[in-house]
Each structure stands twice: as C-alpha cells, then as structure tokens.
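Take a look at the letters that make up each chain.
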Amino acid sequence: RSLRGWRRSAQKRKSVWGSDFERKRETGFWWGTMDARSLLVVCACVMLGQLSPVLSQMCDTSETCDFTVTTAGVQIFIVEGRDYCFNCTSSPADWVVGDFAAGTVNGLQVFSNGILEICDVELATGDVGSSFSVECGDGLVYMLRSIRVGDPVVDPVAPVHEGMNVMLSCARGINTIAAVYSSSWIGPSGTVLVEQLGTSDLDYTVVGITRDQAGDYTCSVAVELEGSLANQTSAVTVTVYYAPSIQPGSLLPVLAPVNTSATLTCTFDGLPAPNITWAFNGGLLSMDLFEFNETYTELTLDLLTNGDTGNYTCTATNEVSSSMAKALLNVQVPPDPPTNLVVSDVTEDNVSLSWTNGFDGYSELTSAVVRYQADQTKYPGDPLRELVVTTSPFNSASLTSLTPFTTHTITVALVNAIGEGGPISNSTTTLSLELPQPLLTLSVLSSQELSAEWMLSSYNASTTAPPTSWMLAYERRDKETMDYVDPKIETITAASPPSPLFQQSFNLTGLEKGTEYRARVVGTN
C-alpha cells in the first residue's frame, strides 16, 4: 500500500516537482527527486514483503516531537532545531509535500500510524519567512512558515577603532503573521543591553567603544507560536582595533661592558598586531638584529664596542596609530686620558701634580696611576716607578725622593671597573742644590761696625731652588801674627719676598777698633 501511495503521490505532484521526477529501482530502493529550485529530497526505503514504510536514516528514531499538529488548515511557524509531527487519518496515510519557497528541512519521515515527522528543522541561509505545505491523502493541508531572526548589522562594517560609536541593528526577520513578544541585544558578557516589546526592529549604539567591549553581540527575538514562546537568536562579532602601546618600564637604560652582549626588550600591545621596528640614533636597524612575537620584541647586540653607545628606539605601528619608547645603551669602556697635567712646587727632589679627570667610560673611577722615571741618558737603568692614587677624586699626587737637578718623565692614567685608560704625559726637571756664588761687599759703618751686602751673580728659577737661608762667616786678622783668627758664623734667614737676585744685607757689630776683617757668605736651599 505504501508503494501505491508513493506512486499516486508522485503522479499527483508531478506538476509541482517538475517533469524530471522519475522512478528508479536499485536493489529494492525507490527514489524521489526534484529540481534544484525546490531544494527538497525525499526518500523512502521499502523492503519486499513488508507493508509498512521503514524509517529513513535521516532522523534519530529516539527523538520525540516538540510540536504535534492535529488541526488541518492552520499555519504552523517552523523554528530551527525543533521536531514537528503531523497526523493523517486517511488509510493509507498518503502524504504529499508541497513546493518550498526557499526553505530546507533536514529530515522527512513517514510512520505507519499516519504521522509525518519533520525533524531538526534547518533553514537555508537567509531564509526569512519562507513557506511550504504538506498534504495528507484525506485532504488535510498544513501550511508551514519558517521563522528566523535577521542577521545583525554593524555600522561601521569594518573592524571599528577604539573610541568610535558603533550601532548594532537587528531586523526581527520573522513572518509578520507571528506576533513578536520581545527583542533584545545581549552583550559579550551576557548582560542585556537593551530590550523592547513589539514588532519593531531593534537598534543599539555602543558609545565610545573600548577594547573590553569587543566580542559577540546577540540579537534575541521571542515569538509567540500557537500560544507558546519560541526564542530565536543571531549573533555578530564586533572586533575593536586599538592603538599600540608599549608597556612602561619594559624598555630600560642598559649598561654593558665592552666586548660583551646586551639585550633590549620592548613589550607591546595593540590590535591588529603592530609592526615593530628598531632604530639606533634615528637610523633604522636591520630586522636580522631583533626577534619578536605577539607581545614583545628583543634586540640583541653582540661584541659591544664604544660605537654601540646611543639611543635605541622601539616603534610599534598599526592602522590605528603608533607608539614608541627609547632606551639609552651605554657601553662601559676604560676611562679617557686625563687633561691639563700640571707640575708645581718643584724642589730638588719633590714635585706636586694635578690634572683634570677625563670621561669615566660609564663606569665609576676607582683610582689613578702615576708612573715616573729619571732621564735615561743621564741615569741609564733608573727604574720606572709607580704611584697609585686611591683617594677620590683621583686628580692629584705628590712625588718624593726624586733625583735632584734631573729631568723626570711623568704619566698619569685613570682606572675604572673595566680597566686602565690611556695616559697623559709630561716632564719636569728637579732643581739643583748648588746656588751660584754670591757677590759680597763689606763697608764700614763705625769704628766697631761693618755692613755686609750680597746678592747672587745669577739665578735660574727653572733649574735651581731658591735660597732659604744664608751663612755669613767672618774672622779678624791678628796684628802681630797677621793670621786670620777667631772665626764666627751668622745664620741669616733669606729675605721674603726675595728680590730678583736675592739681594740682602747684615750688620756686623762689636768689632775691634783698628782691626781688619774678612767675610764669606754661602746660600742654602
């Protein structure tokens, strides 16, 4: 009976399905087809010797109907995902499925008790308000209308930038015969943003959208169907682009010793993912020098030299904006040589030194080294001596126990944690201990007093230490023997300030009347 029913249905609906309907027999199966316009395939499986149709494998036999239709001539609103059952009281239960406007059903089954089951309804993309019909052999007609929420619309369409106003539009997208109970927009966190009753389309504007408000926005429409509510939803994903930012404190100044390596790290964020560049003192660096992933970039410099010292800039750029951060890399090197080495307070065996410290090489000074040596042509083999200055600020020293009246070569170098820097050199000549012979003149002041006046015949301050005192020796001549007897010495401090040739005088008193005296003066330095 089922086979006769299907053949009769085919003949009855041939004008609806198209002239290409045909019957094929392959290993006991009967196939019904329709053209591409109808979008429906119906199949029934019959085993020889059985009178009842067998369930198609298109549906889960354990499913029960969500909605059972028993009244003919009513319009049924079909909601995706539900199962529907339709009764037919004729015998045999002879079902004919009408033409589809645009819809698609996932499964069609015929049961021997006259029930037609359409399970897991699935509508074609964009199918809003489409309709079709099913007809039973006893003349019962059921009109079916599909229901679907319209796809939400976002303005602007492209990914939005942070801070923009974003309008979400949702058409109720259902057949007007059904009554809309309510519609609402639900945000990414599940919070209801706006809700309204009635049949109007629902718009919602996100004012000054932030990156935290990105995500899926869902339009939900509740529809009253045959006295019960059916809920339909449709979602749209809103992507929020935002300007790159570089994490404060991620790119810090770096100190690294020469001939080692240094790594600069720049942590960033942004959507879309930023393009990263590095620059050194304003000039772009090759991408081969740095690595990056989704959140940070590292610039590594090997075998550092003094020329690597400078400003390094990390720049993150996307279509929204750009951000940059700078860090100073200082390559630590030995100090520069001192400048302005001055020799002062020269005596026959001592000198004082002072100098101006050079650049410390980005490493704190720890000492200064003074090296000095006597003239090798005059004193061959005289050792090179060294004095380490350990008292900050390491810019002065005193040299003692030098060789008198000798030229000494002196160098000074600064030292930091990296090493000893280059030297500055100078030379100086210590003073002679031998003063030129003074010129002495004696003159009579009275019968018992003489005046002694003297001065150096010449003087070179660069080679001879100045006199600090004088020794004036004098003696009288015996009148009988004519020999000089009774010597006496007067020690006289050198006058201050001295005259150019250290001219000075001294009076000899308490002398014998009518007696000859002689005198000699010697300077001490």
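Look up a bit, the structure's there.
Residues numbered from 1 in each chain as written. Predicted model: local features only at pLDDT ≥ 70, side-chain atom pairs only at ≥ 80, totals over all residues. Heavy atoms only, no water.

Draft legend 1. Structural view of the sheet that holds strand β34 (residues 407-416). The sheet built from 4 strands is open, its strands ordered β32-β31-β34-β35 with antiparallel pairing. In the strand order of this sheet, the two ends are held by β32 (385-389) and β35 (420-429), each with one partner. Neighbour to neighbour, the strand axes of the sheet diverge by 20° on average, direction disregarded. By the bridge criterion, 5 bridges tie strand β31 (residues 365-374) to β32 in an arrangement that is antiparallel. Opposite Tyr-372, over in β32, you have Arg-385 as the bridge partner. (Pairing = 2+ DSSP bridges. Helix = DSSP H or I, 4+ residues; strand = E, 2+ residues; numbered from the N terminus. Axes fitted to C-alpha atoms, helices over the stretch in contact; angles between N-to-C directions.)

Draft legend 2. Region of interest: the state of the cysteines. Taken as a whole and assessed by the stated rule, the structure comprises 1 disulfide. Put simply, Cys-266 and Cys-314 are joined by a disulfide, and their sulfur atoms are 2.2 Å apart. Where Cys-266 bonds to Cys-314 through sulfur, the torsion about that S-S bond is close to -80°, and the disulfide is left-handed. Placement of the pair is Cys-266 in strand β22 (residues 262-271) and Cys-314 in strand β27 (residues 310-317), with a sequence separation of 48 residues. Considered together, Cys-266 and Cys-314 belong to a single accessibility category, that of buried residues. (Disulfide = S-S within 2.5 Å. Buried < 20%, exposed > 50% of the residue type's maximum accessible area, 1.4 Å probe, protein only.)

Draft legend 3. Main features of the pattern of salt bridges. Enumeration according to the criterion identifies 9 salt bridges in this entry. In this structure, Asp-382 and Arg-385 form a salt bridge, with 3.7 Å as the shortest nitrogen-oxygen distance. Under the relative-accessibility criterion, Asp-382 is labelled buried at 16%. For Glu-512, the salt bridge is made with Arg-476, and the minimal N-O distance between the two is 3.7 Å. Of the two residues, Glu-512 sits in the loop between β40 (504-509) and β41 (517-524) while Arg-476 sits in strand β38 (residues 469-477), which places them 36 residues apart along the sequence. Overlapping salt bridges bring together Glu-162, Arg-211 and Asp-269 as one network. (Salt bridge = Lys/Arg side-chain N within 4 Å of Asp/Glu carboxyl O.)

Draft legend 4. Inspection of the sheet that holds strand β30 (residues 351-356) at higher detail. Spatially, β29-β30-β33 is the arrangement adopted by the 3 strands of the open sheet, whose pairing is antiparallel. Lying at the two open borders of the sheet, with one neighbouring strand each, are β29 (339-344) and β33 (396-399). Neighbour to neighbour, the strand axes of the sheet diverge by 20° on average, direction disregarded. Inspection of the sheet shows β30 paired to β33 by 4 bridges, in the antiparallel sense. Bridge pairing in β33 places Val-351 opposite Leu-399.

Draft legend 5. Representation of the side chain of Thr-515 in the model. Among the structural elements, Thr-515 can be located in the loop between β40 and β41. Reaching out from Thr-515, the side chain makes a polar contact with the side chain of Glu-512 at a distance of 3.4 Å. Beyond its immediate chain neighbours, meaning those up to four positions away, Thr-515 contacts Arg-476, Arg-477 and Lys-479. (Polar contact = N/O pair within 3.5 Å; in protein donor to acceptor, adjacent residues only side chain to side chain. Contact = heavy atoms within 4.5 Å.)

Draft legend 6. Just the nonpolar core, in detail. Judged by nonpolar contacts, the single largest core of 22 residues is most densely connected at Leu-251, Leu-264, Trp-278, Leu-304, Tyr-312, Cys-314 and Leu-329. Those elements that provide at least two residues to this core are β21 (254-257), β22, β23 (275-280), β26 (296-301), β27 and β28 (322-332). If near-sequence neighbours (up to four positions away) are discounted, Leu-304 is found in contact with Ala-256, Pro-257, Val-258, Asn-259, Thr-260, Ser-261, Ala-262, Leu-329 and Val-331. The next biggest cluster of nonpolar side chains, apart from the first, holds 17 residues, and it includes Val-351, Ala-368, Tyr-372 and Leu-414. (Core = buried A, V, L, I, M, F, W, Y, C linked by side-chain atoms within 4.5 Å.)

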